[in-house]
Amino acid sequence: EPEVTQTPSHQVTQMGQEVILRCVPISNHLYFYWYRQILGQKVEFLVSFYNNEISEKSEIFDDQFSVERPDGSNFTLKIRSTKLEDSAMYFCASREPGQGRGYTFGSGTRLTVV
Amino acid sequence: GESVGLHLPTLSVQEGDNSIINCAYSNSASDYFIWYKQESGKGPQFIIDIRSNMDKRQGQRVTVLLNKTVKHLSLQIAATQPGDSAVYFCAELGMDSSYKLIFGSGTRLLVRP
């Protein structure tokens, strides 16, 4: 069964440092997403990406965040200057074209900012 | 504003019993409501969904009920097994072009042997 792959599984970084979280979506999917889950809380939408541009972003996704699809397979989330409150699980997801509910999530990257 | 929420944070059931997990939502415009299961250290895993024009849908050992009158969604798991222990989230599929998911706050299901 096709999977969404995320690396690394766990990243520890110092406050103020830049981090890049990586994702390989399912190959025939065209819609890509990042969600975040602070420990013990619900999963929150960050950003959606289609046709090489952001289609929607949440209030959380401020100027410190950016996304990129640098080649045909990777989808990255960059946080330029991490804050303690950025510590969370970050999930990448991709979706089949024409299937609103055909989401597949990756296993997540646990980001710890110290 | 939009919100999807849950009534019970933790549900403990005996193995073999049926489980019912509830969810309330406030945005009536969504086309799909979805249940996800999240095991420790993993991403959300799709269980079952229901379209807004239906009130019941059955899968293997799971049933989702949608009551649009009171904006209530429930997940029923028959003959609950230890492997069902996880956190369950309801989610609402946004109607805008991004099809983002709006998640509820989760219910932890504990299955006692």
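Nothing here was measured: the structure is a model prediction, and the numbers come from that model.

Draft legend 1. Representation of the pattern of salt bridges. Under the criterion given, the structure shown has 6 salt bridges over all chains. The residue Arg36 of chain A makes a salt bridge to Glu44 of chain A at a minimum N-O spacing of 3.4 Å. On the basis of relative accessibility, which here comes to 9%, the residue Arg36 of chain A falls in the buried class. Residue class for Glu44 of chain A comes out partly exposed when judged on its relative accessible area of 21%. With a closest N to O distance of 3.2 Å, Arg51 of chain B and Asp31 of chain B form a salt bridge. Of this pair, Arg51 of chain B sits in strand S5 (residues 45-51) while Asp31 of chain B is found in the loop between strand S3 (19-25) and strand S4 (32-38), placing the two residues 20 residues apart along the sequence. Under the relative-accessibility criterion, Asp31 of chain B is labelled partly exposed at 22%.

Draft legend 2. How the structure looks around the nonpolar core. Grouped together as the largest cluster of nonpolar side chains are 21 residues, with contacts concentrated most on Trp34, Leu46, Phe61, Val67, Phe75, Leu77 and Tyr90 of chain A. Mapped by element, the contributors of at least two residues to this core are strand S3 (19-24), strand S4 (31-37), strand S5 (44-50), strand S7 (65-68), strand S8 (75-79), strand S9 (88-95) and strand S11 (109-113) of chain A. Membership of the second largest hydrophobic core comes to 20 residues, among which are Ile21, Cys23, Ile48 and Ile77 of chain B.

Draft legend 3. A look at the interface of chain A and chain B. Facing 18 residues of chain A, the contacting portion of chain B comprises 21 residues. Summed over both sides, the interface of chain A with chain B buries roughly 1600 Å², with 57% coming from carbon and sulfur. Run the count over chain A and chain B and you get 1 salt bridge. Put simply, chain A and chain B have 6 residue pairs in polar contact (both at pLDDT 80 or more) between them. When residues of the side of chain A that touches chain B are traced back to their parent elements, those giving at least two are S4, S5, strand S6 (53-57), S9 and strand S10 (103-105) of chain A. At 3 residues, the largest contribution of residues to the side of chain A that touches chain B is made by S4 of chain A. Looking at the side of chain A that touches chain B residue by residue, the class counts come to 7 nonpolar, 7 polar and 4 charged.

The rules behind each value
- Residues numbered from 1 in each chain as written.
- Chains lettered and ligands numbered in written order.
- Predicted model: local features only at pLDDT ≥ 70, side-chain atom pairs only at ≥ 80, totals over all residues.
- Heavy atoms only, no water.
- Salt bridge = Lys/Arg side-chain N within 4 Å of Asp/Glu carboxyl O.
- Buried < 20%, exposed > 50% of the residue type's maximum accessible area, 1.4 Å probe, protein only.
- Helix = DSSP H or I, 4+ residues; strand = E, 2+ residues; numbered from the N terminus.
- Core = buried A, V, L, I, M, F, W, Y, C linked by side-chain atoms within 4.5 Å.
- Contact = heavy atoms within 4.5 Å.
- Buried area = accessible area lost by both parts, 1.4 Å probe.
- Polar contact = N/O pair within 3.5 Å; in protein donor to acceptor, adjacent residues only side chain to side chain.
- Nonpolar A, V, L, I, M, F, W, Y, C, P; charged D, E, K, R; others polar.

Fair warning: the whole summary comes from geometry, so function is off the table for now.
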